[in-house]
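Letter by letter, the chains look like this.
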Amino acid sequence: MGTVYINNVVKQMKTDLRLIQEQQPLIHNITNYVAMNFVANSLLAIGASPIMARAEEEVEEISSKSNALALNLGVPESTTAHSMILAGEAAMKKRIPIVFDVVGVGATRFRMDIASQIILRCHPTVIKGNASEIQALYSHQIGMQGVDSHQETYEVEKQAKKLAQQLSCIIVVTGAIDFITDGERMAYVHEGHSMMSKVTAMGCTATGIVGAFLAVNSNPLEASFHAMKAMGIAGERAVSQSRGNGSMMINFLDELCNLVADV
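Residues numbered from 1 in each chain as written. Predicted model: local features only at pLDDT ≥ 70, side-chain atom pairs only at ≥ 80, totals over all residues. Heavy atoms only, no water.

You'll find the protein chain entered in an unreviewed UniProt entry as Hydroxyethylthiazole kinase, with Segatella copri DSM 18205 given as the organism. Entered under Catalytic activity (unreviewed entry) in the UniProt record, the comment concerning the protein chain runs "5-(2-hydroxyethyl)-4-methylthiazole + ATP = 4-methyl-5-(2-phosphooxyethyl)-thiazole + ADP + H(+)". Looking at the protein chain in UniProt, the text filed under Sequence similarities (unreviewed entry) is "Belongs to the Thz kinase family." (UniProt positions renumbered as here; feature names shortened; annotations may be inferred.)

In structure tokens form, the structure reads like this:
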């Protein structure tokens, strides 16, 4: 077990971005309603092809034709939950990577039940959440007592590792410093800015971006690391030229668009 030190990580991130631009992977997103436009534009900015389908009549067919599936628990509804499971099972059968954002998973039993079903039936490649969401999921999945939101970072890291081992997936924990683990190794992303949290759908966008990187990089730890690194770099650059969160949102899309050439 240990920290991942990847030489030339920015160079490798750029390689993934170039592959995204060349291959234009189709990313099927079932995401928060308020996030759909921004997620789609962000995926277009890096060269991916987003599709935002959630009708149960077509999600299996669309997922089976996609290069990655991004699921988001942001606005849970029974019909959407059913569509996410159908899409996830179709993707799993075709070995298409799945990233699952467990937004607010600890807030209600309804959300936790949906998350548990998706994890059990679809086996996501990557599970993403903030520290409190990952703690809540850890408590439910591993049967340990829940912890408060002020728990020390190293404790959250230990829980993320155990959760990754238990679920055989990559865990991405977002925060001031993002960290990514496969249960053995850890990777850290220090880039980013607090203003990113003031733009609606920034977290949902990260989920879609992870999906795009998973589509071109068969190593899910590396793909998740590169995706979060790209988000952080674009966010820092956008903030440096923004007057507030409105201009930051537009500048962020521009910085994503220009990331391959400028990094």
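Still more ground to cover, so stick around.
Participant: Just checking my understanding: could you explain the UniProt feature "binding site: substrate" (unreviewed entry) in the protein chain for this structure?
Facilitator: UniProt annotation of "binding site: substrate" (unreviewed entry) refers to M52 and A201 when read in the numbering used here. On the basis of their most widely separated C-alpha atoms, the annotated residues across 150 residues gather in one place, lying no more than 14.4 Å apart. Among the secondary structure elements, M52 is positioned in the loop between β3 (49-51) and α3 (59-65). Setting aside residues up to four positions removed in sequence, M52 forms contacts with N29, T31, M36, V39 and A40. Among residues more than four places away in sequence, those in contact with A201 are A35 and F38. (Helix = DSSP H or I, 4+ residues; strand = E, 2+ residues; numbered from the N terminus. Contact = heavy atoms within 4.5 Å.)

Participant: How should I be thinking about the pairing of strand β6 (residues 126-130) in this particular structure?
Facilitator: On a regular strand, each side chain points to the face opposite its neighbour's, so the side chains alternate between the two faces of the sheet. Burial within β6 is extensive, with 4 of its 5 residues counted as buried. By the bridge criterion, 3 bridges tie strand β5 (residues 98-101) to β6 in an arrangement that is parallel. Along β6, the bridge assignment pairs V99 with V126. Each parallel crossover has a hand, and the one from β5 via helix α5 (residues 109-122) to β6 is right-handed. Note: β6 against strand β7 (residues 170-174), 5 bridges, orientation parallel. When the bridges of β7 are listed, N130 appears paired with T174. (Buried < 20%, exposed > 50% of the residue type's maximum accessible area, 1.4 Å probe, protein only. Pairing = 2+ DSSP bridges. Right-handed = clockwise from strand over helix to strand, strands pointing away.)

Participant: How should the environment of G211 be read in this particular structure?
Facilitator: Along the chain, G211 turns up in helix α8 (residues 202-216). Along the primary structure G211 and H28 are separated by 183 residues, whereas in three dimensions their C-alpha atoms are 8.7 Å apart. Apart from the residues lying within four places of it in its own chain, the contact partners of G211 are I27, A68 and V99.

Participant: Whenever I open this one, the packing of helix α1 (residues 9-23) against helix α9 (residues 220-239) confuses me. Can you help?
Facilitator: How two helices pack is summed up by the angle between their axes together with the distance between the axes. Close contact between α1 and α9 brings their axes to 9 Å; oriented N to C, the two are set at 95°. Judged by the angle between their axes, α1 and α9 are roughly perpendicular. From α1, V9, V10, Q12, M13 and D16 reach across to α9, where they touch E222, F225, H226, K229, A230 and I233. (Axes fitted to C-alpha atoms, helices over the stretch in contact; angles between N-to-C directions. Parallel < 35°, antiparallel > 145°, perpendicular 65-115°, else oblique.)

Participant: How should the pattern of salt bridges be read in this particular structure?
Facilitator: Oppositely charged side chains are able to pair whenever their charged atoms sit close together. Tallied over the entire structure, the rule returns 6 salt bridges. Note that R121 and E89 form a salt bridge whose closest N and O atoms lie 2.9 Å from each other. Taken together, the positions of R121 in helix α5 and E89 in helix α4 (residues 78-93) put the pair 32 residues apart, joining distant regions of the chain. When its relative accessible area of 35% is taken as the criterion, R121 is described as partly exposed. The residue D101 makes a salt bridge to K128 at a minimum N-O spacing of 2.9 Å. Here the residue D101 occupies a position in strand β5, and K128 occupies one in strand β6, the gap between them amounting to 27 residues. Per residue, the accessibility class of D101 equals that of K128, and both read buried. (Salt bridge = Lys/Arg side-chain N within 4 Å of Asp/Glu carboxyl O.)

Participant: Any chance you could explain unusual backbone geometry here in plain terms?
Facilitator: Excluding glycine, a negative phi dihedral is what most residues carry, and trans is how most peptide bonds are arranged. Positive phi values are uncommon outside glycine, yet Q24 reaches one of about 45°. With respect to the helices, strands and loops of the structure, Q24 is situated in the loop between α1 and β2 (26-30). Here the phi dihedral of R95 falls at roughly 60°; this positive angle occurs in a residue that is not glycine. Looking at where R95 falls in the secondary structure, it is placed in the loop between α4 and β5. Given the relative accessible area of 80%, R95 is considered exposed.

Participant: Where do I start with the UniProt feature "binding site: ATP" (unreviewed entry) in the protein chain in this structure?
Facilitator: Taking the UniProt record as the reference, the feature "binding site: ATP" (unreviewed entry) is found at K128 and T174. A stretch of 47 residues holds the annotated residues, and the largest C-alpha distance among them is 7.5 Å, short enough that they meet in one place. Classification of K128 by relative accessible area gives buried; the value is 4%. Note on placement: T174 falls in strand β7. Classification of T174 by relative accessible area gives partly exposed; the value is 23%.

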